[in-house]
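# Structural characterization, general
What follows is each chain in one-letter form.
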Amino acid sequence: MKARVVGGYLVTSDGRIAHFLEKELYVGSNWMARLSLPGVEEELVDRLEACRLDANAPILITSGVRTKNSNIAVGGASNSLHLTGGAADFHARGFKPWDWVSTLEHVTFRGSIGRFGIYHADQGGHCHLDIDTMSALRRFVKIGTVYHPLEQWVESHFPGVPIPDVDPVKANRLLGF
Ligand SMILES: [Zn+2]
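Report on the accompanying structure. Worth saying up front: this structure is predicted, and the values here are computed from it rather than measured. (Residues numbered from 1 in each chain as written. Predicted model: local features only at pLDDT ≥ 70, side-chain atom pairs only at ≥ 80, totals over all residues.)

### Considering the overall build of the protein
Condition: In this description a helix means any DSSP run of H or I spanning at least four residues, a strand means any run of E spanning at least two, and both kinds are numbered starting from the N terminus. In this setup the radius of gyration rests on C-alpha atoms only. A globule is expected at 2.2 Å times the number of residues raised to 0.38. Contact criterion: two residues are in contact if their C-beta atoms, reconstructed from the backbone, are within 7 Å.
Within the protein, the secondary structure is distributed over 5 helices and 9 strands. Starting at the N terminus, the α and β elements of the protein follow one another as β-β-β-α-β-α-β-α-β-β-β-β-α-α. By the compact-globule yardstick of 16 Å for 177 residues, the protein fits well, its C-alpha radius of gyration being 16 Å. Along the three orthogonal principal directions, the C-alpha set of the protein runs to about 50 × 35 × 30 Å. Considering only contacts in the protein between residues 6 or more positions apart, those separated by 24 or more positions represent 60%.

### Some remarks on the nonpolar core
Rules: The term nonpolar core refers to a group of buried residues, namely Ala, Val, Leu, Ile, Met, Phe, Trp, Tyr and Cys, whose C-beta atoms join them within 7 Å. Buried residues are those with 20 or more other C-beta atoms within 10 Å of their own C-beta, exposed residues have 12 or fewer, and partly exposed residues lie in between; C-beta atoms are placed from the backbone.
Ranked by size, the top nonpolar core spans 37 residues in total, and within it V45, L48 and I118 carry the most contacts. Considering each element in turn, this core owes the most residues, 4 residues, to helix α1 (residues 42–55). Setting aside chain neighbours within four positions, we find L48 in contact with A18, F20, I59, A88 and L129.

### Looking at α1
Residues spaced three or four apart along an α-helix face the same direction, because each turn holds 3.6 residues. Quick reminder of the rule: How far a helix is expected to stretch is found by multiplying one less than its residue total by 1.5 Å.
With 14 residues, α1 extends 20 Å between its outermost C-alpha atoms, agreeing within 8% with the 20 Å of an ideal straight helix rising 1.5 Å per residue. Those residues of α1 that fall on the buried side of the exposure criterion are E42, L44, V45, D46, R47, L48, E49 and C51. Summarising the contacts, the buried residues of α1 are in contact with β2 (9–11), β3 (17–21), β5 (87–91), α3 (101–107) and β7 (127–130). Looking at the residues trailing α1, positive phi occurs at N56, about 50 degrees.

### Focus on the environment of K2
Turning to its location among the elements, K2 is positioned in the segment before β1 (5–6). According to the C-beta neighbour criterion, K2 is partly exposed, with 13 such atoms within 10 Å. Each C-alpha atom, one on K2 and one on L44, is 9.3 Å from the other, the two residues being 42 residues apart in sequence. Filtering out sequence-adjacent residues up to four positions away, K2 remains in contact with G39, V40, E41, E42 and G85.

### Notes on the sheet that holds strand β6 (residues 115–119)
Let me state the cut-off plainly: Here, a strand pair is defined by DSSP locating no fewer than two bridges between the strands. Only the stretch in contact is used when a helix axis is fitted, and all axes are lines through C-alpha atoms; the angle between N-to-C directions ranges over 0 to 180 degrees.
Reading across from one edge, β4-β5-β7-β6-β8-β9 is the order of the 6 strands in this open sheet, with mixed pairing throughout. One side of each edge strand has no neighbouring strand; the edge strands of this open sheet are β4 (60–63) and β9 (146–149). Adjacent strand axes in the sheet meet at a mean angle of 30 degrees when their direction is disregarded. Lying on the sheet, helix α4 (residues 150–157) is in contact with β8 (139–143) and β9; it crosses β9 at an angle near 80 degrees.

### Describing the sheet that holds β1
The strand order β1-β2-β3 describes an open sheet built from 3 strands, whose pairing is antiparallel. Pairing within the sheet leaves two strands with one partner each, and these edge strands are β1 and β3. In the sheet, β1 pairs with β2 via 2 bridges, with the strands oriented antiparallel. Across the sheet, residue V5 finds its bridge partner in β2, namely L10. Across the sheet, α1 lies against β2 and β3, angled at about 90 degrees from β3, the strand it touches most.

### Comments concerning unusual backbone geometry
With the exception of glycine, the majority of residues adopt a negative phi angle, and the majority of peptide bonds are in the trans configuration. Phi is positive for N56, close to 50 degrees, though the residue is something other than glycine. Tracing the sequence through the fold places N56 in the loop between α1 and β4. Its identity as a non-glycine residue notwithstanding, F109 has a phi of 50 degrees, on the positive side. With respect to the helices and strands, the residue F109 is situated in the loop between α3 and β6.

Quick look at the structure:
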């Protein structure tokens, strides 16, 4: 279901005005094309807002709903949820990719409802959040062109350490920060 928009702001499924203007989800030239683009999924607004509240920090959307061409330009997957209003990439001042893991685990129920990824500095150093529930890859770390399952990446660098106990400084360093 597409999110409602009130006064330019996206609205959550329980009727709260989110901290995000609709315009923020159509960054760059996508705003000019928005009338031919799908609306933003309400489930995505719910999760972005939960991130915003959990982190208590302004979130900068770096990529939201994309046109086909803008998706190709950034090397997005051809079936990307960015094309249907169900995905957003973001970062926030003072946050590095690993700093978002516990929040993203929480808002996606550990990747069971919704999917997330954190990106190496060379890949933008941002987070990806979407509303997918079907893909095998539920939560990932993107380094170079490879999507590593989060569990596998943690096990290879922090053997035997549960995800919540990973040293964030070391993890962020491995992610180029
Ligand atoms: Zn993305």
